[in-house]
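Examining the three-dimensional arrangement
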Amino acid sequence: MKNAMKLTVAVLALVAALALVACGSSDSGTTSGTATETSGAESGKPAGKGADVPTIEVRNGEPVGGVQTLEFSAGEEVRFRVSSDEAEEIHVHGYDIAKDVPAGGTIEFDFPAELEGIYEAELEGQGVQIAELRINP
Amino acid sequence: MKFLPLAHALASRQDLPVPAWLFAWGASIVLVVSFFALAAGWRSPRFERLHERPLGAVVSRVLLGLPAQVLCGAIGVFLLGLAVYAGLEGTEAPDRNFALTFLFVTCWLGFPFFSAIFGDLFRPFNPWRAIGRVAGTGFRAIAGQRAAHAPYPERLGRWPAAIGLLAVVWLEVVYGKGGVGFDPHTVAVATLLYSTYTLAMMAVFGTEEWCERGEVFSVYFGMFGRLGIFGTRDGRLERRRPFSAATTWATIPGSAAVVIASISSTSFDGGQEGAFKDGIENLTDWIEGLGFSLTTSLRLSGTVFMLLVFAGVGLIYLLGVRGMRTVPGAPSFAKLRVGFAHTLIPIALAYLVAHYFSFFVFQEQAQFTFLLSDPLGTGTTDLFGTAASGVDYTVLTANTIWYVQVGALLAGHVIGLMLAHDRALVYWPDYRNATASQYWMLAVMVAFTCFGLYLLSVANG
């Protein structure tokens, strides 16, 4: 009787675990899918060695197409461009790198991905997020 | 749509979600460990007594004597005053102002983390308790008798603290959403309001009585302190078996609500940009469609989700307790509900570590460098010569953070199971019934731990 009960619980728990694992992996699958899609649709392929450099277009103080996720691996170069119709200061948090973009101009960021985690790129003056940098280990 | 929860406002850095493979390993280990625990459980309680060993009389006299009490109380009052002053007079930039990091990172996270190891560290530094005691002493000196206090309504128990805890977290993670942000000035005003309320309640019910039951920070930090290895009794400092003081914590009504509020508010904050993100956004849009402003809609939807998570976490616990009633010889539902509440404290701590450990490590660098040297953030002072220093984000790699997160959840799970097993042995003299009752608590713990892992794996998704 006791063994039967233990067995039942074990089976139930195993099913639950499998369900959770399946659920977890499918979720992360969707996530990265959307991320690639967004950056892909707006700015060509995500940056990689030799790939096109993604460009974030800012119009009226908003990133066109919403906040994009740009993924990089630690150790490689973080490269992306920002074009803006107004003069602004672009600030990458965590790395604490800031560059001025003139009205109607484009600037390029290019720095080594030393810090792992998720960092924001912002229009410093207006406090608006324009991109999310994901630095994977 | 711009979200500005606290972690954003201060750090502008977030943890990467736990990868699927680590999630799978974590969940599997949870199950294996759980069944091992069931099979290998001990037969007489191990944590139900403190196994206390008093420390030397000199150590106790120095650390607990009146000079030390006055000094610690004065430090507490000074730091609270400094935080309020910085909030009112300093910069409005959240990350450059001493107030936010000191109150919501150094104290709000630091006291739980360190109290869980060393015992209740907040009590000696509690600024409101210090003021209340001085006021009580002053009253006695002038009136020649002790202040008369109203009897505290027993049934109210720790409910004021549970509701207060939700209110603090609400201010921290819901109020600041939308355009207004979470600014130092608001926090300073809230701190002053809370201080007024607390001192009034202490005057009515007595300082120690209110600290034990109603004062949010005493109750909340004290709860984690019950896991720690040091405690006091009759003016003596003593060493205790870890976790053992937790077994007597929940006897005051409403204690279960405090620990459930802790687990649920951490879950809500951990999930508001991940697991609950879509739900919150949909609800926000719907409320906005009713004609409310964006800020109001964001706050309302956040409030609704926070309460939903609180209800959900509470329901899981109560279902587990209800399940135990089916085991022959079970005590009443009310007794079980109180009796197993303390087994959730390690889970609450694990959630805190998992969600805020990296934030704490990074932000404390700010606390002890530029925020200490330039508390107002005006750029005009450099008290300790560290005003120009910043946060070094390389001190923790993504892998380190992941392992700490998953490790904390596993450790909390195991400690929770041990405490629950112990309590079952007290309630069910028959070992087989005790074990049978623990299938239910096991289900509760597995649910919380896997939910915790799930939140981490979809964080910021």
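Now for a look at the structure at hand. All chains use their own residue numbering, which begins from 1 and follows the written sequence. Here every chain gets a letter starting at A, and every ligand a number starting at 1, in the order they are written. Residues qualify for local features only when their pLDDT is at least 70, as the model is predicted, and side-chain atom pairs are given and counted only at 80 or more; totals for whole chains, interfaces and linings, by contrast, use all residues.

**Looking at the overall build of chain B**
- The secondary structure content of chain B amounts to 20 helices and four strands.
- Rg of the C-alpha trace for chain B: 23 Å, near the compact-globule value of 23 Å for 461 residues, within the 12% margin.
- Projecting the C-alpha coordinates of chain B onto the three principal axes gives extents of approximately 70 × 60 × 45 Å.
- With 461 residues in all, chain B has 48% of them scored as buried.
- Long-range pairs, those at least 24 residues apart, make up 82% of the contacts in chain B between residues at least 6 apart in sequence. Put simply, DSSP H or I for four residues or longer makes a helix, DSSP E for two residues or longer makes a strand, and each gets a number counted from the N terminus. As defined in this context, the radius of gyration uses C-alpha atoms, and a globule is described by 2.2 Å times the residue total to the power 0.38. Exposure classes come from backbone-placed C-beta atoms, where a residue is buried if 20 or more other C-beta atoms lie within 10 Å of its own, exposed if 12 or fewer do, and partly exposed in between. Whether two residues are in contact depends on their C-beta atoms, placed from the backbone: they are in contact if these lie within 7 Å.

**As for the environment of Ala57(B)**
- Of note, Ala57(B) is situated in helix H3 (residues 57–64).
- Placed 180 residues apart in sequence, Ala57(B) and Leu237(B) show a C-alpha to C-alpha distance of 8.3 Å.

**Structural notes on the environment of Val353(B)**
- With respect to the helices, strands and loops of the structure, Val353(B) is situated in helix H17 (residues 345–368).
- Taking the C-alpha atoms as reference points, Val353(B) and Thr266(B), 87 residues apart in sequence, are found 9.9 Å from one another.

**Quick word on the sheet that holds strand E2 (residues 62–63) of chain A**
All names here are of chain A.
- Only when DSSP finds a minimum of two bridges between them are two strands counted as paired. Read from one edge to the other, the open sheet built from four strands follows the order E2-E1-E4-E7, with strand pairing classed as mixed. The open sheet is flanked by E2 and strand E7 (106–112), the only strands paired with a single partner.
- Relative to E2, strand E1 (residues 55–59) runs antiparallel, the two being bridged by two bridges. By the bridge assignment, Val58 is partnered in E2 with Pro63.

**Remarks on the nonpolar core**
- Only buried residues count toward a nonpolar core: Ala, Val, Leu, Ile, Met, Phe, Trp, Tyr and Cys, linked into one set through C-beta atoms within 7 Å. Core analysis: the largest hydrophobic core is formed by 96 residues, its most contacted members being Val258(B) and Val259(B).
- It is helix H20 (residues 431–457) of chain B that provides the largest number of residues to this core, a total of 16 residues.
- If sequence neighbours within four positions are ignored, Val258(B) has contacts with Arg158(B), Ala161(B), Ala162(B), Leu165(B), Val219(B), Tyr220(B) and Met223(B).
- Residues Ile90(A), Phe98(B), Ala99(B) and Leu376(B) belong to the second largest nonpolar core, which totals 43 residues.

Any link to function would need more than the numbers given here.
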